Amino acid sequence: MVSEKTSGATSKPLEINYKVDETEVSDFLKYLSSDELEGRETGTQGIEKAAVFLEDFFKKNKVKPYFKTYRDTLTNFKVPAYNIVGFLEGTDPILKREFVVLSAHYDHIGLEKKKQTDIINNGANDDASGVTAVAQMAKYFSETKSNKRSILFVFFAGEEKGLLGSKSLAQKLKTQDFNLYAQLNIEMIGVPMKRDYLAYITGFDKSNMAEKINEYTGKKTIGFLPKEAEYKLFYRSDNYSFFEAFGKPCQSISTFDFENFEFYHHVSDEFKVMNIPHITSFIQEFLPAVTKIATSPIQEITMNK
């Protein structure tokens, strides 16, 4: 299902004979951002419904729990709250000791306190779109078994409370001598940018991840967004918790460029304004990159000095 296709002296993009199902993308995102989940605020019944939905997705797609269950209890939140963590062991006896983390946060900001017609912050773009992408990648690897490295698929809670879920999990894994290779975190990919690249990466200059992703896809998939550097987005998402703990390439990918979406933390961040064909093609374009990250015989993605 995966084959090498040479393109130039240094670039060997993968040709992926796997098609992401647009209907599945739509159905998944529609439920995760539905009114039923009441904005998925950490510690509420709404996020509990989301947690059950994500656990069921992992079970259905034969993604195992990394811990005793899929639920990883946050150590830094006042009421019970959980990251949802799935695991696929690598197929290579040596490389499987190294881990790739593919992640997104499944919490959002919940209900508006002021009285108005619509009080539900559905969080379709932020970050049900990212969760949808990671879920589809989990399904892909489960079906193709093309990961030589082991992969953790993580849906973080508590991101909107100050990166609490990722801080909790990163510290827990650090005490277990977790062998992290790289983390790719996906944030707000619900609408496309009007640029000559598909997405941007936070902390562009901190590693060679952008360069390697473009090499792996054979396209200008990742570009540099000046606003990202200006607002220091590298420090404002769940990648930073893992970077702080492990000092390895841990970065977020996004297509929210401060010009293409006006409903950040707004009740109008709903399923109906999401671009499903864009999200589907985003996932499809990233499959060669995440596959190479999970299979390269040496650690090709490294921190810049």
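Reading guide: rules and limits
- Residues numbered from 1 in each chain as written.
- Predicted model: local features only at pLDDT ≥ 70, side-chain atom pairs only at ≥ 80, totals over all residues.
- Heavy atoms only, no water.
- Helix = DSSP H or I, 4+ residues; strand = E, 2+ residues; numbered from the N terminus.
- Rg over C-alpha atoms; globule rule 2.2 N^0.38 Å.
- Buried < 20%, exposed > 50% of the residue type's maximum accessible area, 1.4 Å probe, protein only.
- Contact = heavy atoms within 4.5 Å.
- Areas by Shrake-Rupley, 256 points an atom, 1.4 Å probe, with all protein chains shown as cover.
- Lys, Arg positive; Asp, Glu negative; His and termini not counted.
- Charge placed at Lys NZ, Arg CZ, Asp CG, Glu CD.
- Axes fitted to C-alpha atoms, helices over the stretch in contact; angles between N-to-C directions.
- Parallel < 35°, antiparallel > 145°, perpendicular 65-115°, else oblique.
- Left-handed = near helix turned anticlockwise from the far one by under 90°.
- Nonpolar A, V, L, I, M, F, W, Y, C, P; charged D, E, K, R; others polar.
- Pairing = 2+ DSSP bridges.
- Right-handed = clockwise from strand over helix to strand, strands pointing away.

Student: Would you take a moment to explain the overall build of the chain for this structure?
Tutor: Helices and strands together make up the secondary structure of the chain, namely 8 helices and 11 strands. On C-alpha atoms alone, the chain measures out to a radius of gyration of 18 Å, which is about the 19 Å that the 2.2 N^0.38 rule sets for 305 residues. Seen through its C-alpha atoms, the chain measures out along the principal axes to roughly 60 × 45 × 40 Å. Put simply, the chain has 305 residues, and 58% of those count as buried. At a minimum sequence separation of 6, the contacts of the chain that also span at least 24 residues come to 78%. Accessible surface for the chain amounts to roughly 13,100 Å². Of this, 51% is attributable to carbon and sulfur atoms. Computed over 39 positive and 42 negative side-chain charges, the separation of the two mean positions in the chain equals 4 Å.

Student: What am I meant to see in the packing of helix H1 (residues 22–32) against helix H3 (residues 124–144) here?
Tutor: Angle between the axes and distance between the axes are the two parameters that describe a pair of packed helices. Running from N to C, H1 and H3 point in directions that differ by 135 degrees, and their axes come no closer than 9 Å. Classed by the angle they form, the pair H1 and H3 counts as oblique. H3 is crossed by H1, and the crossing has right-handed handedness. Within the contact between the two elements, H1 uses Glu24, Val25, Phe28, Leu29 and Leu32 and H3 uses Ala124, Ala128, Ser129, Val131, Thr132, Ala135, Gln136 and Lys139. Split into classes, the residues belonging to the contact of H1 with H3 amount to 8 nonpolar, 3 polar and 2 charged.

Student: Can you walk me through the pairing of strand E6 (residues 99–105) in this structure?
Tutor: Each regular strand displays side chains that alternate between the two surfaces of the sheet. Of all 7 residues in E6, 7 are buried, a share of seventy percent or more. Neither face of E6 is exposed, since Phe99, Val101, Ser103 and His105 on one face and Val100, Leu102 and Ala104 on the opposite face are all buried. Of the strand pairs in this sheet, E6 and strand E7 (residues 150–156) are connected by 7 bridges, and their pairing is parallel. Across the sheet, residue Val100 finds its bridge partner in E7, namely Ile151. Once you follow E6 into H3 and on to E7, the crossover reads as right-handed.

That's the geometry; what it means functionally is another story.
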